[in-house]
Amino acid sequence: MGVLKQFCNCRILRDSRIQTEDLWVRDGRIINPERIFYDEKIKPDVKIDCGGALISPGYIDVQINGGFGIDFSFNVNNVEEGIDRVAKGLLTHGVTSFCPTLVTSPSEIYHKILPRIKKRNGGSHGACVLGVHTEGPFISPNKKGAHPEHYIKKFDQGFKSVIDMYGDLDNICMFTLAPEIPNAISVIEELCKRNIKVSLGHSIANLNEGEEAVKHGASFITHLFNAMLPFHHRDPGLVGLLTSDKIPFGRIVHFGIISDGIHTHPAALRIAHRTHPEGLVLVTDAISALGLEEGIHQLGQFKIEKRKGCAYIAGTDTLCGSITEMSKCVRYFKDATGCTVVEALEAATLHPARSLGIDSYKGILNFGADADFILLDEKLELLSTWISGECVYEKIPGSTKQLEV
Amino acid sequence: MRLVICDTVDYVADWSAKYVLKRINDFNPNENKYFVLGLPTGGTPLGMYKKLITYYQQGKISFKYVKTFNMDEYVDLPRDHPESYHYYMYNNFFKHIDINPENVHILDGNATDLEKECNDFERKINEAGGIELFIGGIGPDGHIAFNEPGSSLASRTRVKTLAQDTLEANARFFGNDINKVPKQALTVGVGTVMDSKEVMILITGSHKAFALYKAIEEGVNHMWTVSAFQQHPRTLIICDEDATLELRVKTVKYFKSLWDIHSKLIEQESRAK
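Residues numbered from 1 in each chain as written. Chains lettered and ligands numbered in written order. Predicted model: local features only at pLDDT ≥ 70, side-chain atom pairs only at ≥ 80, totals over all residues. Heavy atoms only, no water.

Structural notes on the overall build of chain A
Thinking step 1. Counting its secondary structure elements, chain A contains 10 helices and 25 strands.
Thinking step 2. A globule of 405 residues ought to have a C-alpha radius of gyration of about 22 Å, and chain A, at 21 Å, matches this closely.
Thinking step 3. When its C-alpha atoms are laid out on the principal axes, chain A stretches across 65 × 50 × 40 Å.
Thinking step 4. Burial analysis of chain A (405 residues in total) assigns 58% to the buried set.
Thinking step 5. Long-range contacts, defined here as pairs at least 24 residues apart, represent 68% of the contacts in chain A between residues at least 6 apart.
Thinking step 6. Looking at chain A as shown, the accessible area adds up to about 16,600 Å², and 51% of this sits on carbon and sulfur atoms.
Thinking step 7. When the 43 basic and 49 acidic side-chain charges of chain A are each reduced to a single mean position, those positions are 1 Å apart. (Helix = DSSP H or I, 4+ residues; strand = E, 2+ residues; numbered from the N terminus. Rg over C-alpha atoms; globule rule 2.2 N^0.38 Å. Buried < 20%, exposed > 50% of the residue type's maximum accessible area, 1.4 Å probe, protein only. Contact = heavy atoms within 4.5 Å. Areas by Shrake-Rupley, 256 points an atom, 1.4 Å probe, with all protein chains shown as cover. Lys, Arg positive; Asp, Glu negative; His and termini not counted. Charge placed at Lys NZ, Arg CZ, Asp CG, Glu CD.)

Brief notes about the UniProt feature "domain: Glucosamine/galactosamine-6-phosphate isomerase" (unreviewed entry) in chain B
Thinking step 1. With numbering matched to this structure, UniProt assigns "domain: Glucosamine/galactosamine-6-phosphate isomerase" (unreviewed entry) to residues 12–232 of chain B.
Thinking step 2. For the annotated span residues 12–232 of chain B, helix accounts for 32% and strand for 15% of the residues, and the straight-line distance between the end C-alpha atoms is 21 Å. (UniProt positions renumbered as here; feature names shortened; annotations may be inferred.)

A few points about the sheet that holds strand β6 (residues 133–137) of chain B
Adjacent strands of a sheet form backbone hydrogen bonds with each other and so pair up, either parallel or antiparallel.
Residue and element names in this part refer to chain B.
Thinking step 1. The strand order β1-β10-β9-β6-β2-β3-β5 describes an open sheet built from seven strands, whose pairing is parallel. Looking at which strands have only one partner, the edges of the open sheet turn out to be β1 (2–6) and β5 (104–105).
Thinking step 2. Across the sheet, helix α4 (residues 114–127) is in contact with β3 (66–70) and β5; its angle to β3 comes to roughly 155 degrees. (Pairing = 2+ DSSP bridges. Axes fitted to C-alpha atoms, helices over the stretch in contact; angles between N-to-C directions.)

So, the packing of helix α1 (residues 9–27) of chain B against helix α2 (residues 46–57) of chain B
Residue and element names in this part refer to chain B.
Thinking step 1. One can describe the packing of α1 onto α2 by two numbers: an axis separation of 8 Å at closest approach and a directional angle of 50 degrees. In terms of their interaxial angle, α1 and α2 are classed as oblique. Relative to α2, α1 is oriented so that their crossing is right-handed. For the pair α1 and α2, the contacting residues are Ala 13, Asp 14, Ser 16, Ala 17, Lys 18, Val 20 and Leu 21 in the first and Gly 47, Met 48, Lys 51, Leu 52 and Tyr 55 in the second. (Parallel < 35°, antiparallel > 145°, perpendicular 65-115°, else oblique. Left-handed = near helix turned anticlockwise from the far one by under 90°.)

If you want it as structure tokens, here you go:
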């Protein structure tokens, strides 16, 4: 048995409520102190004074292209080092798990990079890698966004096209595709069989096509509003999935949304939140400039200028991607929608975990769950990040106080 | 017998907590001399537990050298079920104070041999030197612990089948489904409580007024098991005004006239803690 830790003088987010409750941790998991009391009849080995902080599950980012100077899709030669750097950097944003996201690339890039991004646990070395999110190349050229058009592909040979494109699928956990591409439905079914979550995006699908995809297993929408048909009252498009009455009973369609104040208008955030709060998942969709200083950076083949919290193609006013860290997205989302603290936090914890089907042990603070959590002040500013019950980041080093037991 | 009549439920909580505070501190327990406390569950003592937690947080009391024995527990109810008395005691009291888990005793309603569990409980009480202060509550039918009407007044800790009234009263805690209410419980006997050096019973609310009348104005009767404590040399009943509604005016006036004397029971000596 490992060290028994009691986090006290805190409030915790559990069962969708903020409760005045201590958090007990042992062997990397959250445990039921009542059982310790009655069965083992022991006191904690370590007591940690949280100074009145709010404890939330650690943030989970299911769509992130890179950060700290690394672009996962272009970092072919030092894949592991790149993942390490981002995983470590994300700890300072309160992210304890993430899905490195690869944008539309030529097949040989996937074959080189994918086998080297292994799922792995988090720790002081960095946030947990839940699996890769492949965003493309099976998307609509009409909604390519920043993806290179000449690499976009169709499912000409059904699922074989998928295997040929990526090689081994073992490291993939989320897969964005456009459901209107011929053969998409059979591909969706095959992916679901392999427990890969299918997300709809970069698409000109109408609502019927979206609903058909959901019926066959698709469960997510990639960065809602971005790279899809705009909402139209006679053809609502993929956005219509938020209020569709054709969703199979008991299923929730989750959707990623970028809450940085730039990529999604606050009014659109409010529409998404008010129509379908349960499905809302905050994603950063961050690019390599995430976590870098202001100024001009040479990132791969691009020169990017970071100015007033936005990333531009250097010397222009053309935005080139999102660079807002998750903890800021949570705060912006709360301010923009007027939602509760619980709703804001769950959109970055429980909901992404549920969208990946891992909410029995990630994204929650229930007994038995992984002890991945963050301490926040009353303004939801990050104070410290913990993985498996160990402190992996402190905003002010040494601020965590241990009490005499 | 003493009857302390407080104006409100809150003051019952206050008075009883102050009494426990004073008894434990006057006893001055240490590693060789533990204070042994009998404890109830239910709605009535909640306020008292809250006050005791506050006293603990203020540094006025420590439970380091206190041993506790709980009155009862349901049979075959998972221990972490929110209606189990293990859950109640942990969440409403034990987790907030400095008691050593080793010193806590609650009957295990999931034990394979329930009779042995009950006998062991009696033995552990004896080994702890008997109970110094047993705190209890009662049901509207005058039952103390789960000693339902008709229980022997000489009973010891045992398995008890619950009365229909109790099942119906408890259904509200089990989704209003009487079939989910455990049918049996383990409980200390009336005799077990009678053996304590002192008994303090909390009775609040007009729905318990008739039981209070039976407890003090009528004779000892096994259909109202709380009445047995008329025979105990040190019984203290703490009630609110509502609970006195069935008592004679004369009875109420008499006990109220003793208010000053009762107040001395909870006076804190001015000694440094």
